[in-house]
Amino acid sequence: MKNFIFKPFEEMTEEDYETVGFKSGLEIHQQLLTEKKLFCRCPAGRYSDDYDAEILRHMRPTLSELGEYDGTALMEFKTKKEIIYHINRNTVCTYEMDDTPPFLINEDALDIALGIGMLYNCNIVDELHIARKQYLDGSIPTGFQRTAIYALDGWIPFKDRKVKIVQMSIEEDSCREVSDIGHNRVYLTDRLGMPLIETVTGPDMKTPQEAAEAGWVCAKLVRSTHKVRRGIGAARQDVNVSVDGGTRIEIKGVPRLTMIPLLTYNEAMRQWNLLRLREELHKRGITKETFKSEDYDITSLLKKPHYIPLKNAVENNMKIRCVVLKYFAGLLSWKTQTDTYFSKEISDRVRVIACLTTIPNLIHSDSKTDTITSSDWQKIKKYSGANDNDTLVIVWGSEDDVQTAVREIIIRTKEAATGIPSETRQALSDGTNGFERILPGADRMYPDTDLPPKKIKDEWLNKIKSRLPEQFWNRQEWYRKLGIPDDTVDELSISKFAEVFKKAVTNWKVNPVAAAVVLIQFPKRLKKNGYDINLLDENMMSSILEVYSKNKMPADYILTALKNSLELGMFVDEIIPVPSNEKEIEKEIENAWKEMDKMEFIKQENTKSIFMGIVMNKMRGKVSAKIISENFEHSRKEFKNAK
Ligand SMILES: [Zn+2]
């Protein structure tokens with residue numbers, strides 16, 4: 001393999017990523033904004049930690065049609081987990097618990113999904129076939145998720161090229177995990193069954209930054225419909241990463257796009273370093289065939305260890321075992337990710353599969369940190385007949401769990417001689433990732449016999465198309481030509497007022513920059529003043545801009561008009577101010593000078609702004625600020641002369 005060593009994140013260049021053959025793709029899960037769930041009529045998006053009942057389930061693998069156990073199925077079986085569901089009567093019915101068959105698919109959800117599919121330039125299927133996708137971690141009580149591919153073969157514009165959209169599915173959301181400790185995993189069921197879409201891109205992104213940038217394009221596209229859910233957990237990304245000679249690894253459930261660059265960098269580094277480790281093993285003569293390990297019960301050997309985790313293990317009558325990895329000396333400290341070493345790959349498997357969830361769950365003789373005394377190490381070495389070329393791993397727990405742990409330590413270490421195991425990995429907050437589960441087999445999808453196929457008629461698609469927003473990248477191109485400031489282009493292009501903007505500029509000839517400020521910046525100002533700007537609707541905005549365009553409202557009154565509309569909950573003509581006549585204006589100007597005359601101390605340079613403030617406070621909307629400003633000088637002279 002190429003002689004390349006990963007640099008720190010900030011120092012990696014595009015060329016470096018090209019050298020290792022970095023490739024990344026996204027699977028984006030986005031909840032749709034519907035009132036109800038996808039296959040039952042329970043409410044969607046009503047989250048609560050309260051529950052009325054608990055249900056306990058055990059997961060058990062079944063043989064596939066080929067008579068084999070799926071890798072994930074077997075792994076979940078090994079963990080011997082008890083799955084506990086918290087159930088709230090307001091958010092779950094008997095469908096989610098597999099006691100009643102599904103209702104027909106929620107058409108509101110499908111309507112939104114199809115629209116998004118068209119925005120992604122996809123081909124829509126003629127007929128929707130609902131399938132079951134196997135889920136064995138307990139996150140779906142039935143053991144499968146209902147899912148249907150509805151769009152294929154689309155694209156998004158990306159830099160000077162296109163990123164492929166491979167396929168889109170509409171599917172049910174899974175449970176929210178509450179905790180996963182030892183052999184108990186607890187789930188909340190409120191999210192279960194909510195409609196979401198999964199969008200799969202091609203592995204077209206060539207750097208970690210590109211992976212995040214493509215994610216933003218997709219996020220803006222779905223937001224521009226205003227029919228998707230927002231907030232924590234409403235959009236979750238699975239990110240695929242591979243390097244030359246590596247394996248396509250999925251990092252699951254990345255909650256924020258900003259995490260993607262560091263996560264994908266670390267995964268690329270992990271794969272690269274595992275490939276280098278394999279090279280080192282082969283140099284030492286270790287292959288899948290020649291790999292050798294032994295394991296020993298050393299419980300009675302360690303009578304009074306000072307190392308706290310082992311001290312606790314002895315006090316709690318746990319079993320302690322030692323695995324000897326032949327010719328592995330030093331390799332458990334082989335760097336895999338930032339501040340992360342090969343021993344973590346093993347510890348993760350022990351945590352997830354043997355359920356030894358208290359960390360540290362193992363120690364090893366390659367470690368530089370103090371664990372047990374060197375005389376204890378010597379004792380174990382002598383007992384097991386290990387020499388300086390070997391590495392010793394010590395693990396503790398109940399008899400059963402330690403047996404499982406020893407098996408997993410050996411499996412994972414042996415895999416290092418083959419390459420990178422196929423698995424899904426979880427995103428960690430420090431930008432590295434950890435083992436989640438063995439990758440499910442390809443045959444985890446099978447037809448759902450409960451629901452008939454659904455024809456998707458052209459009339460329906462045409463109706464959806466007629467309501468679709470313009471693709472935001474086309475809007476942006478137009479905005480830039482109009483000279484809209486860069487910091488507003490992005491927001492306006494996915495704003496719910498983008499269509500109002502178009503009408504204002506094309507039909508009513510409102511100045512584009514002014515219209516953009518009214519539609520994007522004014523709501524922000526109102527929000528700062530405590531207004532609920534979610535109540536601002538397209539009707540209010542377009543009425544106000546239309547009135548303004550007909551010179552019936554001065555520009556400096558628009559914000560006030562918005563405030564008034566918000567307070568009323570609608571736009572009415574009465575909001576439009578009646579223009580003042582000259583006499584009224586003169587009177588207010590005179591009053592202002594009188595008022596200022598009573599003020600004790602006014603700085604010369606502030607005179608005008610104070611004058612303007614007093615007059616406009618009374619006259620806003622009835623006269624433009626420009627006219628008052630023009631009257632400043634001569635009215636001051638007049639007032640002085642009159643005195
Ligand atoms: Zn339900």
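Provided above is the structure to which this section pertains.
This section reports on the structure supplied with the text. Within each chain, residues carry numbers counting from 1 in the order of the written sequence. Since the coordinates come from a predicted model, pLDDT governs what is reported: local features require at least 70, and pairs of side-chain atoms require 80 or more to be given and counted, while whole-chain, interface and lining totals use all residues. With hydrogens and water set aside, each side-chain value is computed from the structure's full complement of heavy atoms.

Quick look at the overall build of the protein chain now. Only DSSP runs of H or I with at least four residues qualify as helices, and only runs of E with at least two residues qualify as strands; both kinds are numbered from the N terminus onward. When its secondary structure is counted, the protein chain shows 20 helices and 23 strands. C-alpha atoms define the radius of gyration, and 2.2 Å times the number of residues to the power 0.38 defines the globule rule. The C-alpha radius of gyration of the protein chain comes to 33 Å, more than 25% above the 26 Å expected for a compact globule of 643 residues. Considering only C-alpha atoms, the protein chain reaches an extent of 110 × 65 × 50 Å along its principal axes. Residue contacts are counted whenever heavy atoms from the two residues lie within 4.5 Å of one another. Within the protein chain, contacts between residues separated by at least 24 positions form 73% of all contacts whose residues are at least 6 apart in sequence. On the protein chain, roughly 31800 Å² of surface is accessible, and the fraction owed to carbon and sulfur atoms is 50%. Here Asp and Glu are counted as negative and Lys and Arg as positive; His is not counted, and neither are the chain ends. The atom standing in for a charge is NZ when the residue is Lys, CZ when it is Arg, CG when it is Asp and CD when it is Glu. A gap of 2 Å separates the mean positions of the 94 positive and 97 negative side-chain charges of the protein chain. Using a 1.4 Å probe, accessible areas were evaluated by the Shrake-Rupley method; residue-level cover was limited to the displayed protein chains.

Take the side chain of Asp366 next. Note on placement: Asp366 falls in the loop between β18 (362-364) and α8 (374-384). Beyond its immediate sequence surroundings of up to four residues, Asp366 is in contact with Phe328, Ala329, Gly330, Leu331, Leu332, Ser333 and Thr391.

The protein atoms that coordinate the zinc ion are Cys40 (SG), Cys42 (SG), Cys93 (SG), Glu96 (OE) and Glu96 (OE), at distances of 2.3 to 2.7 Å. Distances decide who is a donor: an N, O or S atom must be within 2.8 Å of the metal, or within 3.2 Å for Na, K and Ca. Water is not included, so sites may look incomplete. When the donors of the zinc ion are listed by position in the chain, the intervening gaps give C-x1-C-x50-C-x2-E. Taken as a pair, Cys40 in the loop between β1 (23-31) and β2 (53-58) and Cys93 in the loop between β3 (82-87) and α3 (107-119) lie far apart in primary sequence, 53 residues in all.

Before going further, it helps to examine the side chain of His29. Take His29: it is sitting in strand β1. With residues near it in sequence (within four places) discarded, His29 still touches Glu171, Leu196, Ile197, Glu198, Ala234, Ala235, Arg236 and Asp238.

A few words now on the layout of surface pockets. Within this scheme a cavity is a closed region of a 1 Å grid, computed over the protein atoms alone, that accommodates a 1.4 Å probe without allowing it to escape, whereas a pocket is open but has protein on both sides within 12 Å along at least five of seven lines; lining residues each have an atom within 4 Å of a point. Grid points are joined across faces, edges and corners, and a volume is the space filled by probe spheres set on the points. One number sums up the size of the second largest pocket: a volume of about 680 Å³. Lining the second largest pocket are 19 residues, and of these His226, Ser495, Lys496, Ile533 and Asn534 sit closest to its centre. It is helix α14 (residues 512-528) that contributes the most residues to the lining of the second largest pocket, 5 residues altogether. As a working rule, the residues Ala, Val, Leu, Ile, Met, Phe, Trp, Tyr, Cys and Pro are called nonpolar, Asp, Glu, Lys and Arg charged, and the rest polar, with Gly in that last group. Split by residue class, the lining of the second largest pocket holds 9 nonpolar, 3 polar and 7 charged.

A separate point is the nonpolar core. Across soluble globular proteins, you tend to see nonpolar side chains buried next to one another. Residues grouped as a nonpolar core are buried Ala, Val, Leu, Ile, Met, Phe, Trp, Tyr and Cys residues, joined through side-chain atoms within 4.5 Å. Buried, partly exposed and exposed residues are distinguished by accessible area as a fraction of the type maximum, computed with a 1.4 Å probe on protein chains only: under 20%, between the cut-offs, and over 50%, respectively. Counting residues in each nonpolar core, the largest one holds 99 residues, and the members touching the most others are Ile116, Tyr120, Tyr150 and Ile170. Among the elements that take part in this core, helix α5 (residues 260-283) stands out by supplying 10 residues, more than any other. Leave out the neighbours within four places in its chain, and Ile170 touches Leu32, Leu38, Ile105, Ala109, Leu110, Ala113, Arg146, Thr147, Ala148, Tyr150, Leu196 and Ile197. The next biggest cluster of nonpolar side chains, apart from the first, holds 35 residues, and it includes Leu492, Ala504, Ala515 and Ala516.

A few words now on the environment of Val186. Tracing the backbone through its elements, the reader meets Val186 in strand β10 (residues 184-188). Residues Val186 and Leu56 lie 130 residues apart in sequence; the distance between their C-alpha atoms is 9.3 Å. Non-local contacts of Val186, meaning those with residues more than four positions away in its chain, are made with Ile84, His86, Arg176, Glu177, Val178 and Ser179.

A full pass over the atoms with the stated rule returns 2 cavities of 30 Å³ or more. Counted as a void, the largest cavity has a volume near 70 Å³. If you go around the largest cavity, the residues you meet are Tyr95, Glu96, Ile140, Thr142, Phe144, Arg146, Glu172, Asp173, Leu192 and Gly193. Residue composition of the lining of the largest cavity, by class: 4 nonpolar, 2 polar and 4 charged.

Further remarks concern helix α10 (residues 458-467). Regarding α10, the residues found buried are Trp460, Leu461 and Ile464. Looking down the long axis of α10, one finds its buried residues gathered within 95° of arc, a one-sided arrangement. Within α10, the exposed residues directed more than 90 degrees away from the buried face are Asp458, Glu459, Asn462, Lys463, Lys465 and Ser466. As for α10, its buried residues are in contact with α3, β4 (123-124) and β23 (454-455). In this context, the arc is that of the directions from the helix axis out to the C-beta atoms.

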